[in-house]
Amino acid sequence: MSLKLRRGLCYLVGLFILAVGITFTIISNLGAGAWDALSVGLSVRFGLTVGTWVILIGVILIIVNALISWSRPEIHSLLTVVILGYFIDFWLLIVFQDIRLNELPIQSAVLLLGVTLMGLGISTYLQADFAIIPIDRLMLNLKQLLRLPLMGAKTSAEIIALVAALVVGGPIGVGTIIVTLSIGPLIQLFYKRVKRIVSV
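Residues numbered from 1 in each chain as written. Predicted model: local features only at pLDDT ≥ 70, side-chain atom pairs only at ≥ 80, totals over all residues. Heavy atoms only, no water.

*Asks:* Is there a simple way to think about the overall build of the protein in this case?
*Replies:* Along the backbone of the protein there are 8 helices and 0 strands. Start at the N end of the protein and walk to the C end: the helices and strands fall as α-α-α-α-α-α-α-α. The C-alpha atoms of the protein give a radius of gyration of 16 Å, which matches the 16 Å a tight globule of 200 residues would have. Overall, the protein is about 45 × 35 × 30 Å in size when its C-alpha atoms are taken along their principal axes. Burial statistics for the protein: of 200 residues in total, 51% are counted as buried. The long-range share in the protein, meaning contacts at least 24 apart out of those at least 6 apart in sequence, stands at 77%. As displayed, the protein has an accessible area near 10,200 Å², and 71% of this comes from carbon and sulfur atoms. Charged side chains of the protein number 14 positive and 8 negative; the gap between the two group centres comes to 15 Å. (Helix = DSSP H or I, 4+ residues; strand = E, 2+ residues; numbered from the N terminus. Rg over C-alpha atoms; globule rule 2.2 N^0.38 Å. Buried < 20%, exposed > 50% of the residue type's maximum accessible area, 1.4 Å probe, protein only. Contact = heavy atoms within 4.5 Å. Areas by Shrake-Rupley, 256 points an atom, 1.4 Å probe, with all protein chains shown as cover. Lys, Arg positive; Asp, Glu negative; His and termini not counted. Charge placed at Lys NZ, Arg CZ, Asp CG, Glu CD.)

In structure tokens, the structure reads:
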């Protein structure tokens, strides 16, 4: 299998895994990740689906990232947020539409699985080196601007989203804290391992 094909598969498979992970954290009802809590909060307050808000927030971040990096807006990143937004709506509105979790052990397991899948999904789709999610571009911009490690940059971006999610009344809880503090280390954990597999 050629390197281009492997990277293309990483792109789609990574986004698919990421969407499943995001969905799991949302349906755990223990608090979604900061960016996802923001999308859920906006969906509840103003209507539109969670996936649609993922896309709209992506558009805003494309503009913000261009301003931070003094570069042209990465319009092609719209493809990534559109794919991710539709994947999330597919899982939330079709596959898991009637799922209601009320038992704490199951909720906790779903949350932890979701967080792990998010880290794996991000690490996987980044291997494609194409049209990264504006949220992750923000992470990379903060890494360069503030000279932070990847883990620190991701955590900083999550904290920014956490404040915004609180403002719009998103589902903030212990799960949000877990995602905020663990997603950076998980990306760092998975990234090099996935890269070795893809580069073989």
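After that view, the rundown keeps rolling.
*Asks:* Teacher, can you tell me more about the environment of Gln 127 here?
*Replies:* With respect to the helices and strands, Gln 127 occurs in the loop between helix H5 (104-125) and helix H6 (134-146). Within the structure, the side chain of Gln 127 is placed 3.4 Å from the backbone oxygen of Tyr 191, a separation counted as a polar contact. (Polar contact = N/O pair within 3.5 Å; in protein donor to acceptor, adjacent residues only side chain to side chain.)

*Asks:* Help me understand a nonpolar patch on the surface, please; the structure alone is not making it clear to me.
*Replies:* On the surface, a cluster of nonpolar side chains totalling about 350 Å² of accessible area is made up of Phe 90, Leu 93, Ile 94 and Val 95. Looking at the element boundaries, Phe 90 is found in helix H4 (residues 77-95). In this structure Phe 90 comes out as partly exposed when scored by relative accessible area, which is 36%. (Patch = residues over 30% accessible without salt bridge, like charges linked within 9 Å, V, L, I, M, F, W, Y side chains within 5 Å. Salt bridge = Lys/Arg side-chain N within 4 Å of Asp/Glu carboxyl O.)

*Asks:* Just checking my understanding: could you explain the packing of helix H2 (residues 34-46) against helix H3 (residues 50-69) for this structure?
*Replies:* A pair of packed helices can be characterised by two numbers: the angle between their axes and the separation between those axes. Viewed as axis vectors pointing N to C, H2 and H3 meet at an angle of 115 degrees, and their least axial separation amounts to 9 Å. Viewed along their axes, H2 and H3 form a crossing whose handedness is right-handed. For the pair formed by H2 and H3, the contact residues are Trp 35, Leu 38, Ser 39, Val 40, Leu 42, Ser 43 and Phe 46 on the first element and Val 50, Trp 53, Val 54, Ile 57 and Leu 61 on the second. Looking at the contact of H2 with H3, its residues break down into 10 nonpolar, 2 polar and no charged. (Axes fitted to C-alpha atoms, helices over the stretch in contact; angles between N-to-C directions. Left-handed = near helix turned anticlockwise from the far one by under 90°. Nonpolar A, V, L, I, M, F, W, Y, C, P; charged D, E, K, R; others polar.)

*Asks:* In this structure, what is going on with H3? I would like to understand it.
*Replies:* For H3, with 20 residues, the first-to-last C-alpha span of 28 Å sits near the 28 Å given by 1.5 Å per residue. Three or more residues of H3 are buried, namely Val 50, Gly 51, Trp 53, Val 54, Ile 55, Ile 57, Gly 58, Leu 61, Ile 62, Asn 65 and Ala 66. Once H3 finishes, Trp 70 follows within two positions and takes phi at roughly 50 degrees, a positive value. (Expected span 1.5 Å × (residues − 1).)

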